[in-house]
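The residues making up each chain are set out below.
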Amino acid sequence: MARPQTGTAAERPSSERDVIPLYHRVYVMLLQKIMDGSYPAGSPIPSEDDLAETFSVSRVTIRKAMERLEREGRVLRQRGRGTFPLTPANEAGEPASQLLNNQISLARKTKIVLLAYDFVRPSPLLAQTFDTADGTELLRIERVRGDERSPISHTLCYLPADLAPLVPRTAISSLPVSATLAAAGVKLARFEEKITAVLADSDVSPHLDVAIGTPLVAMTRHVRDEDGRLIELLQALYRPDRYEYRVQYSIDGQNLGTPWKAMITDSGAA
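Residues numbered from 1 in each chain as written. Predicted model: local features only at pLDDT ≥ 70, side-chain atom pairs only at ≥ 80, totals over all residues. Heavy atoms only, no water.

**Things to note about the pattern of salt bridges**
Across all of its chains, the model carries 12 salt bridges by this definition. Between Asp147 and Arg242 there is a salt bridge, and its shortest N-O distance comes to 2.7 Å. Taken together, the residues span a long stretch of sequence, with Asp147 in the loop between strand 4 (138–146) and strand 5 (151–160) and Arg242 in the loop between strand 8 (230–238) and strand 9 (245–251) at a distance of 95 residues. Take Asp147: its relative accessible area is 25%, and that puts it in the partly exposed class. A salt bridge links Glu193 to Arg221, with the nearest nitrogen and oxygen atoms 2.7 Å apart. Remark: Arg221 occurs in strand 7 (residues 215–225) and Glu193 occurs in strand 6 (residues 188–199); sequence separation between them is 28 residues. Look at Arg221 and you get buried, because its relative accessible area is 4%. (Salt bridge = Lys/Arg side-chain N within 4 Å of Asp/Glu carboxyl O. Helix = DSSP H or I, 4+ residues; strand = E, 2+ residues; numbered from the N terminus. Buried < 20%, exposed > 50% of the residue type's maximum accessible area, 1.4 Å probe, protein only.)

The structure is reproduced here in structure tokens:
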């Protein structure tokens, strides 16, 4: 899988960190840890002093992030005992995406290795896909997902550079990047996927522990927001012995405009 040329530090957007308030970035990272189980329910979250040291911010910043999590019902703060994570519930009146729910559920059963987190100059095809001017950089996140048995997938994720503050390196976990964006307040509206087959090349085969030329399941996913903007392009390669993609259709008699509903389940996570 070809990789775009990496831009220099001087060429990277200089104002990204000024776009999102510091407490919001900390809030996103804390919420990520709650959602992926790093802070399990029933166990207290580290103290404000410990979190301030971990994230290299002030206690005031941690406190503002915690106050937002408490308002949203993500944590329970008990005097003398500490702060405890709560299992997040769907927002009232806002149905969760079946696809995103499946991704999150499956992601919690696996772990990832972060191979790359950098800004790259896109190829002409990538620039056209994101409808950006030549030279506009994209954030690239490269990961390998697996469990105790073996690697499962290799993924390349591309995002517009202005969304990078919502997905800082420290927030990269086993959850899909789209789930991190959703937690940060981005309204995901449309998922488009294409599935085919490719052969493992010399770049991917070591990461998936397969021989060069091994058939792989290849999936490309486009994620768009409510305005139709492409906010994530995911290119994923799966070991076919560890991954399957199933779609179940059922008749929806309540909605004649869309008579078929699909339930998608898979045994791996992007």
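**Thoughts on helix 4 (residues 59–71)**
Its 13 residues place the ends of helix 4 18 Å apart at the C-alpha level, agreeing with the 18 Å of an ideal helix rising 1.5 Å per residue. Buried residues of helix 4: Thr61, Ile62, Ala65, Met66, Arg68 and Leu69, and no others. Seen from one end, helix 4 has its buried residues packed into an arc of 155 degrees, which puts them on one side. Opposite the buried face of helix 4, at more than 90 degrees from it, the exposed residues are Val60 and Arg71. Lining the buried residues of helix 4 we find helix 2 (22–35), helix 3 (48–55), strand 1 (75–78) and strand 2 (82–85). Of the residues trailing helix 4, Gly73 is marked for its positive phi of about 75 degrees. (Expected span 1.5 Å × (residues − 1). Arc of directions from axis to C-beta. Contact = heavy atoms within 4.5 Å.)

**Things to note about the packing of helix 3 against helix 4**
The geometry of helix 3 relative to helix 4 is characterised by a closest axis approach of 9 Å and an angle of 110 degrees between their N-to-C directions. Between helix 3 and helix 4, the angle falls in the class roughly perpendicular. Facing Glu48, Asp49, Leu51, Ala52 and Phe55 of helix 3, the residues of helix 4 in contact are Arg59, Ile62, Arg63 and Met66. (Axes fitted to C-alpha atoms, helices over the stretch in contact; angles between N-to-C directions. Parallel < 35°, antiparallel > 145°, perpendicular 65-115°, else oblique.)

**Quick look at the pairing of strand 7**
Bridge analysis of strand 6 against strand 7 gives 11 bridges, and the strand direction is antiparallel. Among the inter-strand pairings, Thr196 is bridged to a residue of strand 7, identified as Ala218. When strand 7 meets strand 8, the two strands line up antiparallel, connected through eight bridges. Note that in strand 8 the partner of His222 across the bridge is Leu233. (Pairing = 2+ DSSP bridges.)

**Structural notes on the packing of aromatic side chains**
By the definition in use, this model includes one aromatic pair. Stacked on the ring of Tyr23, the Lys or Arg Lys64 has its end atom at 4.4 Å from the ring centre. Across from the ring centre of Tyr27, 3.9 Å away, lies the NZ or CZ of Arg68, which sits over that ring. (Phe/Tyr/Trp six-rings, centres within 6.5 Å; stacked < 30°, edge-to-face > 60°. Lys NZ or Arg CZ within 6 Å of the ring centre and 35° of its normal.)

**Focus: the nonpolar core**
Membership of the largest hydrophobic core comes to 48 residues, with the highest contact counts inside it found for Leu30, Ile141 and Leu181. Element by element, the count of residues in this core is highest for helix 2, at eight residues. In this structure, Ile141 is in contact with Leu114, Ala116, Tyr117, Thr155, Leu156, Cys157, Leu159, Val167, Ile172 and Val177, ignoring residues within four places of it in sequence. Counting residues in each nonpolar core, the second largest holds eight residues, with Val120, Phe130, Leu156 and Tyr158 among its members. (Core = buried A, V, L, I, M, F, W, Y, C linked by side-chain atoms within 4.5 Å.)

**Observations regarding unusual backbone geometry**
Across the chain, the bulk of peptide bonds are trans and the bulk of non-glycine residues have phi less than zero. If you check the backbone angles, Ser56 has positive phi at about 55 degrees while not being a glycine. The topology assignment puts Ser56 in the loop between helix 3 and helix 4. One non-glycine residue, Asp131, lies in the positive phi region at around 55 degrees. With respect to the helices and strands, the residue Asp131 is situated in the loop between helix 6 (124–129) and strand 4.

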